[in-house]
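# Structural features, examined
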Amino acid sequence: MDRVALRGLKARGHHGVFPREREEGQTFIVDLALGLDTRQAAASDDLAKTVHYGVVAEEVVAVVEGEPVDLIETLAERIADQCLKHEGVQEVEVVVHKPDAPITVPFDDVTITITRSRV
């Protein structure tokens, strides 16, 4: 399976369990790896035979900016579901970064990584 990757998609969301997270929001960063067969697209040089990663990027940002959830696990699942709506995408790996998570000790990042497929 071939992979189309999008790294570092940034969007402001209001996800989290604390009132401050819901009220003020914070930046979330999303990395995607879309699994699909790109041979037909390469042979025909036709965008319609692959996934339009620009559209996927816009959809993922809309999910992050959309309805708040408590957990980044839930957010990652919603993003994966959106990606799998694209006909050619057979699997997706989603990494959601929450670099401004409300943690009281020094840290660089908090992430959740999930892999989902049509199977």
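Structure report, in brief. (Residues numbered from 1 in each chain as written. Predicted model: local features only at pLDDT ≥ 70, side-chain atom pairs only at ≥ 80, totals over all residues. Heavy atoms only, no water.)

## Observations concerning the sheet that holds strand 4 (residues 111-117)
Let me state the cut-off plainly: Two strands make a pair as long as DSSP finds a minimum of two bridges between them. Segments assigned H or I by DSSP are reported as helices when at least four residues long, segments assigned E as strands when at least two residues long, and all are numbered from the N terminus. Working convention: axes come from line fits to C-alpha atoms, limited for helices to the stretch in contact. Angles between N-to-C directions cover 0 to 180 degrees. Residue contacts are counted whenever heavy atoms from the two residues lie within 4.5 Å of one another.
Here we have four strands laid out as an open sheet, ordered 1-2-3-4, and antiparallel in their pairing. Taken across any chain shown, the strands that pair with only one partner, and hence form the sheet edges, are strand 1 (2-13) and strand 4. Sheet twist, expressed as the mean angle between neighbouring strand axes with direction ignored, is 15°. In terms of strand pairing, strand 3 (residues 91-97) meets strand 4 through seven bridges, oriented antiparallel. Each bridged residue has a counterpart across the sheet, and for V92 the counterpart in strand 4 is R116. Sheet strands in contact with helix 3 (residues 53-65) are strand 1 and strand 2 (26-36), and its direction is about 35° off that of strand 1.

## Brief notes about the pattern of salt bridges
Inclusion rule: In what follows, salt bridge is the name for a side-chain nitrogen of Lys or Arg lying within 4 Å of a carboxyl oxygen of Asp or Glu. Each residue gets one of three labels from its accessible area relative to the maximum for its type: buried under 20%, exposed over 50%, partly exposed in between, using a 1.4 Å probe on protein chains only.
Under the defined criterion, the tally for this structure stands at seven salt bridges. Its salt-bridge partner being R20, residue E24 comes within 3.2 Å of it at the nearest N-O pair. Linking E24 with R20, this pair stays in helix 1 (residues 19-24), spanning four residues, or about one helical turn. Look at E24 and you get partly exposed, because its relative accessible area is 45%.

## A few points about helix 3
Put simply, the test is: Between the first and last residue of a helix there are one fewer steps than residues, each counted as 1.5 Å, and that sum is the expected span. Here the arc refers to the directions that run from the helix axis out to each C-beta atom.
Here helix 3 contains 13 residues, and its C-alpha end-to-end distance of 18 Å stays within 8% of the 18 Å for a straight helix at 1.5 Å per residue. Within helix 3, the full set of buried residues consists of V56, A57, V60, V63 and V64. Buried residues of helix 3, viewed axially, fall in a sector of 125°; they line one side.

## As for the layout of surface pockets
Quick note on the threshold: As defined here, a cavity is a set of points on a 1 Å grid over the protein atoms alone where a 1.4 Å probe fits but cannot get out. A pocket is an open set with protein on both sides within 12 Å along at least five of seven lines, and residues line them when an atom is within 4 Å of a point. Grid points are joined across faces, edges and corners, and a volume is the space filled by probe spheres set on the points. Residues are grouped as follows: Ala, Val, Leu, Ile, Met, Phe, Trp, Tyr, Cys and Pro are nonpolar; Asp, Glu, Lys and Arg are charged; every other residue, Gly included, is polar.
Its boundaries defined by the atoms lining it, the largest pocket holds a volume of some 270 Å³. Taken together, 14 residues form the lining of the largest pocket, with K49, T50, E87, G88 and V89 sitting closest to its centre. Looking at the lining of the largest pocket, its residues break down into four nonpolar, six polar and four charged. Around the second largest pocket, the lining comprises 14 residues; the ones closest to its centre are D70, L71, I72, E73 and K98. Among the elements of the structure, helix 4 (72-83) and strand 4 are those that each provide at least two residues to the lining of the second largest pocket. When grouped by side-chain class, the residues that make up the lining of the second largest pocket number eight nonpolar, two polar and four charged.

## Looking at the packing of helix 3 against helix 4
Here is the rule: For this classification, under 35 degrees means roughly parallel, over 145 means roughly antiparallel, 65 to 115 means roughly perpendicular, and everything else is oblique. Left-handed is the label given to a crossing in which the near helix is rotated counterclockwise from the far helix by less than a right angle, and right-handed is the label when the rotation is clockwise.
It is the contact of helix 3 with helix 4, at a shortest axis distance of 10 Å, that shows an interaxial angle of 150°. It follows that helix 3 is roughly antiparallel to helix 4 by the angle criterion. By crossing handedness, the relation of helix 3 to helix 4 is classed as right-handed. Taking contact as the criterion, the partners of V56, E59, V60, V63 and V64 in helix 3 are, on helix 4, L75, R78, I79, Q82 and C83. Of the residues in the contact of helix 3 with helix 4, the class split is seven nonpolar, one polar and two charged.

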